[in-house]
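For reference, the chains in residue letters:
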Number of protein chains: 2
Amino acid sequence: MSDTPDAPAYLDPLTGRTWPLDAPRWCAEADADGDRRPLLLTPLPGIGREAIDPAAPGLWRYAAALPFRPAAPITLGEGRTPLVPRRFAGGTMHAKCEWLMPSGSFKDRGAAVMLSLLREQGIVSVLEDSSGNGGAAIATYAAAGGLRARILVPESTSPAKTVQSRAAGAAIALVPGTRQDCADAAEREGEARADGIFYASHNWHPFFLQGTKLLAYELWEDLGFRAPDNVIVPCGAGSNVLGCGIGFSELRRAGQIESLPRIFAAQPANCAPVARAFLDEEPAAAAPTIAEGTAIARPIRLREVLGVLEESQGGAVMLTEAEIAAATLALARDGLYVEPTSAQAAAAFGRLLAAGTIAPEETTVVVLTGSGLKATPRIADLLGVAG
Amino acid sequence: MSDTPDAPAYLDPLTGRTWPLDAPRWCAEADADGDRRPLLLTPLPGIGREAIDPAAPGLWRYAAALPFRPAAPITLGEGRTPLVPRRFAGGTMHAKCEWLMPSGSFKDRGAAVMLSLLREQGIVSVLEDSSGNGGAAIATYAAAGGLRARILVPESTSPAKTVQSRAAGAAIALVPGTRQDCADAAEREGEARADGIFYASHNWHPFFLQGTKLLAYELWEDLGFRAPDNVIVPCGAGSNVLGCGIGFSELRRAGQIESLPRIFAAQPANCAPVARAFLDEEPAAAAPTIAEGTAIARPIRLREVLGVLEESQGGAVMLTEAEIAAATLALARDGLYVEPTSAQAAAAFGRLLAAGTIAPEETTVVVLTGSGLKATPRIADLLGVAG
């Protein structure tokens, strides 16, 4: 790393202020109100196909696109997931099978890259807050990389949900109160950095998005070095929307593609802050949803997520619980056994096709993010059998 | 297909009798005692690297190695799983992550190929007996291929175990009695072929092994078109032992490798008919094991499995329940979250290394077959937490 003016840096997208990457950092300093803001990185130039390393495992073939290259990536072979054309809802979707990752979800891209970069910078102990796919991915790659992981989860979390993270050796700490209380506690611990622990949050740290952006590079290569016309992703905090926005923007900057694909965010109507804001609908209180992974009432990067949807001329879709359930079962009946959270993207595909927003002859990628094996009780319930 | 003398054919390895492939068939005719025998195919010539189709999805890149090519393979992108070098038990194993398949286990190779070939021959409705990974794989690929699937499971099977197959649309039939009673019922139904249903058993049908054999081709390519020195697989009915035996033999026949890797079967001491026979130990009654997927008391291809272990100069290892449990947790602590059944292969790696049977400098592949997400209650139990 160097700190020349063109070197990649942390960027506060609201103020334009930058910080060098050399010193680990997970947020901008709190403002006068005590509010922290999430960071991005300054725009990177992107890479062309000649910079792909065919000998590197999984997503590390695109390592030249990262802000710096870790000498020893933490890898379990994540990435290079299948892109499978399937008939669905009267059209053909290209299902990107992101659940076929070591920990069972797309979050492995972000976790592998973030922890590899942080370990390169000397971090040996990480903090995270998530009882879901994010926590499992951080626990998995911390284990693979010899890092200690401490994961805060709401005390109401069922023990089954944390078995995977516990098995990876993560210390699970139960936090009284809501999911938001848990996030707040993590931010406080992260700021304190007691015992040298670093807040490697899948929501906060911009290195996580450096991993999720590699989905864009991979889709580009999957499709013969072309961008798809549309990409539909389940959207909670928006890491896949942002990842696609960053990645495809880099590819455009590098002259590899002419324009961004349209990026669409699928959200449960019961918790749709991104979609409501994009569609100019009144905010509404969040209600429970079977699409648990996207039940994020206050996405910390709302402004940037909306920016990607706008710039790409994409959009947002709000799905009813019935639509999400039906899509979950329809995908399973086609052999694609994914979480209801993932199935939203397929449900949105059907909606966008029916509305004529996307055309059948366009190349539309539907990103399926999490394994159905993590949602057995939920799917049993949808089937009306005991799980 | 042609029926010239050199055309691939079904083969009864005991008698040498052959049948043309054109007519679907899952066993040799029952003998005078009413016993059915499983079939193989006549030896195929194998393929070299020039016959690999780089544009085909997943394992279909090796489709030229199949007895015939289906015009429309049923594919969800199965195969091309990561091969990841990891330190384990004082050595370096090459973990082949076969659980990163659409249905969560290695059985997708066999299911995708078998059902693709059978569908090409006009089969539209299949019968299977398995409450585990085999049933899930058949249900998944039947769904993906538009085939009807009926799956027999012992009536004692917990509802959670069949959620995945039910979600794929398979009809689940509960059979009173033991697992063996269930297999016997499937054989009877398979023979009767009522309603045109075909017994597409992952244990019986030789087309299944045509799928599992592609693991050998893939390892060969993963390693730069070389065979590993050793391959260690969890062994129940032996489909991975046989698949490796068939696949590496074809590669040798095609002049691509000089000799077979040594193939080692890992079995739970509590149910180890293959290992006991190979090691000349007295047969013993089966006892329960946490390695459920390998709890096969009477493997129908015992003779052929032993043949592969002998011909390859490999071996067999019997693992205690404590060893299997310890390996499961040790793998998870390294980020490899797999079923106890899979972990046996890693436990066997440690044993073989300690005994000097395999050397640290050799290239040893450890095949990790099934996802830990299918074994949450079991792994919770090992961790001493509620699952």
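Quick caveat: nothing in here was measured; it's all calculated off a predicted structure.

Attention now goes to the relation of the copies chain B and chain A. Once chain B is rotated about the relating axis by 180° and shifted along it by 0.0 Å, it coincides with chain A to within an RMSD of 0.0 Å. The relationship between the two copies is best expressed as a two-fold rotation axis. Comparing interface residues between copies, 100% of those in chain B also lie at the interface in chain A; the contact surface is shared.

As a further point, take the pattern of salt bridges. All names here are of chain A. According to the stated counting rule, one finds 42 salt bridges over all chains in the structure shown. Among the salt bridges present, the one from Arg252 reaches Glu311, with a minimum N-O distance of 2.7 Å. Taken together, the residues span a long stretch of sequence, with Arg252 in helix H7 (residues 239-253) and Glu311 in helix H9 (residues 302-311) at a distance of 59 residues. What makes Glu311 partly exposed here is its relative accessible area of 45%. Overlapping salt bridges, with partners in common, bring together Lys96, Glu98, Arg109, Glu218 and Asp222 in one network.

Residue and element names in this part refer to chain A. Where burial is concerned, most of strand S11 (residues 262-268) is hidden: 6 out of the 7 residues are buried. Pairing geometry for strand S10 (residues 230-234) and S11, over 5 bridges, is parallel. Paired with Val233 across the strands is Ala265, a residue of S11. What joins S10 to S11 is H7, and the crossover it makes is right-handed. Relative to strand S12 (residues 315-319), S11 is paired through 5 bridges, and the arrangement is parallel. Counterpart to Gln267 in the pairing with S12 is Met318.

Residues given the UniProt feature "domain: Tryptophan synthase beta chain-like PALP" (unreviewed entry) here are residues 74-370 of chain A. The straight-line gap between the two end C-alpha atoms of residues 74-370 of chain A is 21 Å; of that span, 40% is helix and 18% is strand.

Once that is clear, we can look at the domain arrangement of chain A. All names here are of chain A. Each assigned domain of chain A is listed with its residue range as follows: domain 1 (83-106 + 207-383) and domain 2 (124-199). When each unit is reduced to the centre of its C-alpha atoms, the spacing between domain 1 and domain 2 is 25 Å. Contacts between the two partners involve 8 residues from domain 1, matched on the other side by 8 residues from domain 2. Summing both sides of the interface, domain 1 and domain 2 together bury roughly 660 Å²; the carbon and sulfur share of this comes to 40%. Looking at the side of domain 1 facing domain 2, the largest losses of area belong to Ser103, Arg298 and Lys374, adding up to 53% of the total buried there. For the pair domain 1 and domain 2, the interface holds 1 salt bridge. Residues Lys161 and Glu292 are paired through a salt bridge, measuring 3.6 Å at the closest nitrogen-oxygen approach. On the surface where domain 1 and domain 2 come into contact, there are 5 residue pairs in polar contact (both at pLDDT 80 or more).

All names here are of chain B. The terminal C-alpha atoms of helix H2 (residues 133-145), which comprises 13 residues, lie 18 Å apart, in line with the 18 Å expected from a rise of 1.5 Å per residue. Counted residue by residue, H2 has 13 buried out of 13 residues, so it is predominantly covered. Just beyond H2, the residue with positive phi is Gly146, at close to 70°.

This brings us to the environment of Gly314(A). Residue and element names in this part refer to chain A. As for its placement among the helices and strands, Gly314 is situated in the loop between H9 and S12. Separated by 233 residues in the primary sequence, Gly314 and Thr81 place their C-alpha atoms 24 Å from one another. Sequence-distant contacts of Gly314, that is, excluding residues within four places in its chain, are made with Arg262, Ile263, Phe264, Phe278 and Leu309.

Take the state of the cysteines next. Residues and elements named next belong to chain A. Scanning all chains against the criterion turns up 0 disulfides over all chains. Take Cys27: it sits in no disulfide, and the sulfur closest to it among the cysteines is that of Cys182, at 17 Å. Counting only cysteine sulfurs, Cys235 is the nearest neighbor of Cys271, a cysteine outside any disulfide, at a range of 10 Å.

The rules we used
- Residues numbered from 1 in each chain as written.
- Chains lettered and ligands numbered in written order.
- Predicted model: local features only at pLDDT ≥ 70, side-chain atom pairs only at ≥ 80, totals over all residues.
- Heavy atoms only, no water.
- Least-squares fit on C-alpha atoms with pLDDT ≥ 70 in both.
- Contact = heavy atoms within 4.5 Å.
- Salt bridge = Lys/Arg side-chain N within 4 Å of Asp/Glu carboxyl O.
- Helix = DSSP H or I, 4+ residues; strand = E, 2+ residues; numbered from the N terminus.
- Buried < 20%, exposed > 50% of the residue type's maximum accessible area, 1.4 Å probe, protein only.
- Pairing = 2+ DSSP bridges.
- Right-handed = clockwise from strand over helix to strand, strands pointing away.
- UniProt positions renumbered as here; feature names shortened; annotations may be inferred.
- Domains from an automatic or database assignment.
- Buried area = accessible area lost by both parts, 1.4 Å probe.
- Polar contact = N/O pair within 3.5 Å; in protein donor to acceptor, adjacent residues only side chain to side chain.
- Expected span 1.5 Å × (residues − 1).
- Disulfide = S-S within 2.5 Å.

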